Amino acid sequence: MAKNAYLVLENGEVFEGFSFGADVDAVGEIVFNTAMVGYLETLTDPSYYGQIVVQTFPLMGNYGIIPSDFESPRPWLTAYISREWCEAPSNFRSEGTLDAFLKEQGIPGLCGIDTRRLTKIIRETGVMNGFITTDQNKVADGVARCKAFKLENAVAAVSSFEAYETAGDGERTVVLWDFGTKESMAHALVQRSCKVIRVPANTTAEEILSYAPDGILLSAGPGDPAENTTLIEEIKKLIASGLPMFGIGLGHQLLALAQGAKTEKLHYGHRGASQPVKDLENGHVYITTQNHGYAVVSETLPESAVETYVNANDGSCEGIAYSKNIFGVQFQPDIAGGPLDTHFLFDHFIDLIDAHKKA
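Not measured: the values here are computed from a predicted model. (Residues numbered from 1 in each chain as written. Predicted model: local features only at pLDDT ≥ 70, side-chain atom pairs only at ≥ 80, totals over all residues. Heavy atoms only, no water.)

A few words on the overall build of the chain. Along its length, the chain carries 10 helices and 19 strands. Relative to the compact-globule value of 21 Å for 359 residues, the chain shows a C-alpha radius of gyration of 20 Å, a close match. Viewed in the frame of its principal axes, the chain has a C-alpha envelope of about 65 × 45 × 40 Å. Within the chain, contacts between residues at least 6 apart in sequence are counted, and of these 74% link residues at least 24 apart. Across the chain, the 27 positively charged side chains and the 46 negatively charged ones have centroids separated by 2 Å. (Helix = DSSP H or I, 4+ residues; strand = E, 2+ residues; numbered from the N terminus. Rg over C-alpha atoms; globule rule 2.2 N^0.38 Å. Contact = heavy atoms within 4.5 Å. Lys, Arg positive; Asp, Glu negative; His and termini not counted. Charge placed at Lys NZ, Arg CZ, Asp CG, Glu CD.)

Next up, the structure:
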């Protein structure tokens, strides 16, 4: 029989439900994801480092655990909340249940609570910290635990520890700068005849240039972009090299900071597979996958920069072009667990690389 479990929010509200996954305490920034599918990609996306993820869709785990769909070797989130979890998944590729996987990984789960009400609280109040426990005696000091939690050094925690070459032996060499990258980003490059060299976040600009890359992809990742001051300085050096550069998610934000812009924390962020983004050049609206809590402040962009995409819901910045060779987008065009609408951005990046090589 499932044990009772409790979620304490930083504002003092308490939700009582049932435990699944690992029976351990957890504290983290509580955020919600609106996707109906793609829970495997969510669980293993490094951008969720230090966060408690609430799924707004009421049932998760129905197609089991499929390691070949993982975005990284292990989950990075702090805890997982779903209205229900499926005890008997049905999929020929499944290798286990959501409950067993979370137990194995030491990640607590919480079910049986009103996730709609919880999501509305986050939307109205803003992102806050939460504390999960199965020990009722710890509920009383849950708010204090929430207030004591602060997410720091997130990129260093999730980045790879050493450089290595991924599959791919094409005519182009791309350095994938790993700030918490997803496997689908490397796959998108390999599919386009690129040799991909993945380097950790603490790699210097000089070391990156020593690989003689044709282009540089700045990956997505977790945390406050503005705290990565060393990274921002290294990106400035690479901008001066004139090489084609493509920033995604956190990479897009760091590109903006390196160009003198500012970032801000959103009220509750964008997380899900159905975020509408408007192309400011042609008026087209694309449906995108997103996972971020910060955004670039459009008004702080340098005059030479052009805002290319905005979020159709709240108008926040979703894309910027800095020169003929450098651009970034806030959303995630690498499609795993999401729509195909913006996969063409990788083709655009390849076109920039080819044009630069010819020049």
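Attention shifts here to the pairing of strand S14 (residues 245–248). Neither face of S14 is left uncovered, since the one carrying Met245 and Gly247 and the one carrying Phe246 and Ile248 both have all their residues buried. Relative to S14, strand S13 (residues 215–218) runs parallel, the two sharing three bridges. Paired with leucine 218 across the bridge in S14 is glycine 247. Running through helix H8 (residues 229–241), the crossover from S13 to the neighbouring parallel element S14 is right-handed. The sheet contact formed by S14 and strand S19 (residues 326–329) spans four bridges and is parallel. If you follow phenylalanine 246 over to S19, its bridge partner there is phenylalanine 327. (Buried < 20%, exposed > 50% of the residue type's maximum accessible area, 1.4 Å probe, protein only. Pairing = 2+ DSSP bridges. Right-handed = clockwise from strand over helix to strand, strands pointing away.)

So, about unusual backbone geometry. One non-glycine residue, asparagine 153, lies in the positive phi region at around 55 degrees. Topologically, asparagine 153 is positioned in the loop between helix H4 (142–148) and helix H5 (154–158).

According to the stated counting rule, one finds 10 aromatic pairs in the structure shown. A connected cluster of aromatic rings, assembled from ring pairs, spans Phe246, Phe327, Phe346 and Phe349. Against the face of tryptophan 76 rests arginine 74, its NZ or CZ located 3.7 Å from the ring centre. (Phe/Tyr/Trp six-rings, centres within 6.5 Å; stacked < 30°, edge-to-face > 60°. Lys NZ or Arg CZ within 6 Å of the ring centre and 35° of its normal.)

The next point concerns the side chain of threonine 119. Its location among the elements puts threonine 119 in helix H3 (residues 115–125). Assessed through its relative accessible area of 9%, threonine 119 is described here as buried. If we ignore the near neighbours within four places in the chain, the residues touching threonine 119 are Phe32, Val54 and Thr56.

With that out of the way, let us pick up the sheet that holds strand S6 (residues 79–81). One closed barrel holds the seven strands; their spatial order is S1-S2-S8-S6-S4-S3-S9, and the pairing between them is mixed. Neighbour to neighbour, the strand axes of the sheet diverge by 35 degrees on average, direction disregarded. Where strand S2 (residues 14–21) lies against strand S8 (residues 108–111), four bridges are found, and the strand directions are antiparallel. Across the sheet, phenylalanine 20 pairs through a bridge with glycine 109, a residue of S8. The strands touched by H3 within the sheet are strand S1 (4–9), S2, strand S3 (26–33), strand S4 (51–55), S6 and strand S9 (128–133), with S3 carrying the most contacts at an inclination of about 90 degrees. (Axes fitted to C-alpha atoms, helices over the stretch in contact; angles between N-to-C directions.)

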